[in-house]
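# Commentary on secondary and tertiary structure
Single-letter residue listing:
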Amino acid sequence: MKIQSSLIAAAAAIFSVSCLIALAQEKAPEPRVVVLDPGHGGRYIPGKTDGTQRGDGSSWNNTKSPKKGILEKDLTLEYALEIKKAFEASARAKGLNIKVVLTRYEDKHMSALSRAAVAVQQSADVFISLHFNASGSHRAHGTKVFISSEKHPYWEYVNFNNPYAKEDRAFAHQLADAVAGALEPFGGDPENRYVHGDSKGDGGFFKDGLRMLGYARQDSHLYQAVMNLIEIEFIDNPRVESWLLSEETRPLARKAVALSMVDAICDHFENFTPPSAPRKARY
Ligand SMILES: [Zn+2]
């Protein structure tokens, strides 16, 4: 009897160990996380194009299309949801096990810090803030991608140095190429695409969205992430409005941009060699 019960106990122990091994083998790998931030939201605050307006991450240059009055904050959410949908439909993204999270799913105000916190909480591998641009002349056009620059002189009492500017810049070029290319059949001009974020800059480092990227960059556990802010097009330009936001082209252009972003992000995951350890910011 004694022998029998010890045999049963031994068998149970082997069974539970083999169960644990099987469970460990079956555990799905962690997905790679893409956090999309639909810029702005909540109360509409018209932007100033002279760079003097300061806000909390949801105000600078919240632009509006001239004829239809389409608001940037609505378009950024519309695009973010389309990109999420495109990821969910993409066999390639499924194979790469990519999960997409938005910082907001409705028209609500969020500060720069709370947007960055979503990227931090989700341990984002890619963090992209989506925006549409405007200019003083209302005649500018093209796609611009911004990064948090390597050496920010200052941003409201905080130094937002970015030791990952090289990786962010490389991804910014991929993103700018993909999105500007996707918009070309509709009327976009891929020659007119730029990546900004050098410390010489063009006023780019005063954008609120860059403050948000700066906040996220302060969390060193995201050292394998890339972070960009994209201004997809200038929607205050009547010519851009006519080819980007007509009843016919609005859903088609949105879908083309979404597919191009899925491709750019999948390319990134397939080819990117992330830093092997966190880097120290140089002040
Ligand atoms: Zn914006």
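Attention in this report is confined to the structure presented alongside it. (Residues numbered from 1 in each chain as written. Predicted model: local features only at pLDDT ≥ 70, side-chain atom pairs only at ≥ 80, totals over all residues. Heavy atoms only, no water.)

## A closer look at the coordination of the zinc ion
Our working rule: In this listing, donors mean N, O and S atoms no farther than 2.8 Å from the metal, or 3.2 Å for Na, K and Ca; water is missing from the atoms, so a site can look incomplete. Segments assigned H or I by DSSP are reported as helices when at least four residues long, segments assigned E as strands when at least two residues long, and all are numbered from the N terminus. Each residue gets one of three labels from its accessible area relative to the maximum for its type: buried under 20%, exposed over 50%, partly exposed in between, using a 1.4 Å probe on protein chains only.
Taken together, the protein ligands of the zinc ion are His40 (NE2), Glu72 (OE) and His131 (ND1), with distances of 2.0 to 2.2 Å. Of note, the donors binding the zinc ion are all from one chain and are spaced H-x31-E-x58-H. On the criterion of sequence distance, the pair formed by glutamate 72 in helix α2 (residues 72–89) and histidine 131 in strand β3 (residues 126–133) is long-range, its members being 59 residues apart. When sorted by exposure, glutamate 72 lands in the same class as histidine 131, which is buried.

## Focus on the pattern of salt bridges
Which entries qualify depends on this criterion: Any carboxyl oxygen of Asp or Glu within 4 Å of a side-chain nitrogen of Lys or Arg constitutes a salt bridge here.
Enumeration according to the criterion identifies 12 salt bridges in this entry. Across the salt bridge formed by arginine 115 and aspartate 37, the nearest N and O atoms sit 2.8 Å from each other. You can see arginine 115 sitting in helix α4 (residues 112–121) and its partner aspartate 37 sitting in strand β1 (residues 32–38), a full 78 residues away along the chain. Classification of arginine 115 as buried rests on a relative accessible area of 1%. Using a relative accessible area of 1% as the deciding quantity, one classes aspartate 37 as buried. Among the ionic contacts, a cluster of salt bridges with common partners joins Glu78, Glu82, Arg250 and Arg254.

## Overview of helix α5 (residues 165–183)
Put simply, the rule is: What a helix is expected to span follows from its residue count: subtract one and scale by 1.5 Å.
Here α5 spans 26 Å end to end across 19 residues, near enough to the 27 Å set by a 1.5 Å rise per residue. Turning to α5, its buried residues are Ala165, Glu167, Asp168, Phe171, Ala172, Leu175, Ala176, Ala178, Val179, Ala180, Ala182 and Leu183.

## Overview of the environment of alanine 253
Note the threshold: Only heavy atoms enter the contact rule, under which two residues are in contact if any of them lie within 4.5 Å.
Within the secondary structure layout, alanine 253 lies in helix α8 (residues 249–271). In contact with alanine 253, not counting residues within four places along its chain, are Tyr79, Leu183, Phe186 and Leu244.

## Thoughts on unusual backbone geometry
Where the residue is not glycine, phi is negative for most of them; where a peptide bond is considered, it is trans in most cases. In the Ramachandran plot, histidine 40 falls in the positive-phi region, its phi being about 65° despite a non-glycine side chain. Secondary-structure assignment places histidine 40 in the loop between β1 and α2. Of note in the backbone geometry, histidine 138 takes a positive phi value of approximately 60° without being a glycine. Using a relative accessible area of 42% as the deciding quantity, one classes histidine 138 as partly exposed.

## Section: the sheet that holds strand β5 (residues 193–196)
Spelled out, the test is: The criterion for strand pairing is that DSSP finds at least two bridges linking the strands in question. Each axis is a line fitted through C-alpha atoms, taken for helices only over the stretch in contact, and angles between the N-to-C directions span 0 to 180 degrees.
Judged by pairing direction, the sheet is mixed, and its 6 strands sit side by side in the order β2-β1-β3-β6-β4-β5 without closing on themselves. Only two strands of the sheet have a single neighbouring strand rather than two, namely β2 (98–102) and β5. Taken over all neighbouring pairs, the strand axes of this sheet differ in orientation by 20° on average, direction set aside. As judged from the 3 bridges shared by strand β4 (residues 143–146) and strand β6 (residues 226–234), these two strands associate in the antiparallel manner. The residue of β6 that forms the bridge with valine 145 is isoleucine 230. Along the sheet face, α4 touches β1, β2 and β3 and points at about 170° away from the line of β1. Across the sheet, α5 lies against β3, β4, β5 and β6, angled at about 30° from β6, the strand it touches most.

## What to know about α2
Its 18 residues place the ends of α2 26 Å apart at the C-alpha level, agreeing with the 26 Å of an ideal helix rising 1.5 Å per residue. With 13 of its 18 residues buried, α2 lies for the most part within the structure.

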